[in-house]
Amino acid sequence: METTDDKTHATRPVEAPIPNAPKDFDAVTPSSSDRSVAERDGNAHEPQSVVDKQDHGDNVPLDATPATPAPAAHGDEAPARSKLKIAVIMFSLAVAVLLVALDITIVTTALPTISEEFNSASGYTWVGSAYLIAQSAATPIWGKVSDIFGRKPILLVTNAIFFVGSLLAGVSVNIDMLIAARAVQGIGGGGLITLVNIAISDLFSVRDRGMYFGIIGGVWALASSLGPVVGGLFTQKVSWRLV
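Let us look at the structure shown here. Everything numeric here is computed off the predicted structure, so don't read it as measured data.

1. Topic: helix 3 (residues 83–105)
Here's step 1: Helix length check: helix 3 (23 residues) gives 32 Å between terminal C-alpha atoms against 33 Å at 1.5 Å per residue, within 8%.
Here's step 2: Regarding helix 3, the residues found buried are Ile 86, Met 90, Leu 93, Ala 94, Ala 96, Val 97, Val 100, Ala 101, Leu 102, Asp 103 and Thr 105.
Here's step 3: Packed against the buried residues of helix 3 are helix 5 (125–149), helix 6 (151–170), helix 7 (175–203) and helix 8 (206–237).

Here it is as structure tokens:
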């Protein structure tokens, strides 16, 4: 005999299971979904932010030490020299300039005596001109040669050339030989004038160069004033060949 409860269970329809139905605890609420999307977007943009930090120098290792700036190069600062050494250097350079400057003015008072001895009425004019022309032509050449071979060797070479020219002028037997010897003197003298100025620029700083160039200028003034007097004295009392 069936009871009322059995009839109720028999007549109740059986619900078919829904395939792939999500469980209650797997359901995602809208708020959690939005939060996960934001986190995912943040993770996606994280590498770019790291790259930006590296590009801007923000990602610096903790153990990195700041680079110390390199010391400024003081090209104009000259090494320290004693006063005695500076005095010897300047005395040597001043004597070289004195000889060259004297040779320009010392021969002027001796020209009448030279012209009379060699019986040359017009050739004596080239005695002074040959020296100045050769000096002017050799000046730029010696500057470039000293850049290649150094200041000191070329300074000694120009001294030797000047000495040889002076010796040849002193033993000249005619006016042509004297003019050629004066040209040799001019070649050596042009090198001396140039290398003295270059040596001062190389040895001393910009702050001190003006004083030493002033000393050389004083030597030029002394030679210009003493040259004619010394030339006339040697010509009258000794011989023009010492000029």
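2. Some thoughts on a nonpolar patch on the surface
Here's step 1: On the surface, a nonpolar cluster with roughly 460 Å² of combined accessible area is contributed by Phe 163, Val 164, Leu 167, Leu 168 and Val 171.
Here's step 2: Of note, Val 164 is situated in helix 6.
Here's step 3: What makes Val 164 partly exposed here is its relative accessible area of 41%.

3. A few points about unusual backbone geometry
Here's step 1: Positive phi, close to 55 degrees, is recorded for Asn 119, a residue that is not glycine.
Here's step 2: Looking at the secondary structure, you find Asn 119 in the loop between helix 4 (111–118) and helix 5.
Here's step 3: Judged by relative accessible area, which is 71%, Asn 119 ranks as exposed.

4. Digging into the packing of aromatic side chains
Here's step 1: A complete count under the given rule lists 2 aromatic pairs for this structure.
Here's step 2: Note on Phe 118 and Trp 240: the rings are 5.6 Å apart at their centroids and 80 degrees apart in plane angle, and the pair reads as edge-to-face. With Phe 118 in helix 4 and Trp 240 in the segment after helix 8, the pair connects residues that are 122 residues apart, well separated along the chain.

5. Looking at the pattern of salt bridges
It is possible for side chains of opposite charge to pair when their charged atoms get near one another.
Here's step 1: One pass over the structure, following the stated rule, counts 4 salt bridges.
Here's step 2: For Asp 202, the salt bridge identified is with Arg 151, shortest N-O distance 2.7 Å. Placement of the pair is Asp 202 in helix 7 and Arg 151 in helix 6, with a sequence separation of 51 residues.
Here's step 3: The partly exposed category is assigned to Asp 202, whose relative accessible area is 44%.
Here's step 4: Residue Arg 151 is classed as partly exposed on the basis of its relative accessible area of 29%.
Here's step 5: Among the charged side chains, a network of salt bridges with common partners joins Asp 147, Arg 151 and Asp 202.

What counts, and at which threshold
- Residues numbered from 1 in each chain as written.
- Predicted model: local features only at pLDDT ≥ 70, side-chain atom pairs only at ≥ 80, totals over all residues.
- Heavy atoms only, no water.
- Helix = DSSP H or I, 4+ residues; strand = E, 2+ residues; numbered from the N terminus.
- Expected span 1.5 Å × (residues − 1).
- Buried < 20%, exposed > 50% of the residue type's maximum accessible area, 1.4 Å probe, protein only.
- Contact = heavy atoms within 4.5 Å.
- Patch = residues over 30% accessible without salt bridge, like charges linked within 9 Å, V, L, I, M, F, W, Y side chains within 5 Å.
- Areas by Shrake-Rupley, 256 points an atom, 1.4 Å probe, with all protein chains shown as cover.
- Salt bridge = Lys/Arg side-chain N within 4 Å of Asp/Glu carboxyl O.
- Phe/Tyr/Trp six-rings, centres within 6.5 Å; stacked < 30°, edge-to-face > 60°.

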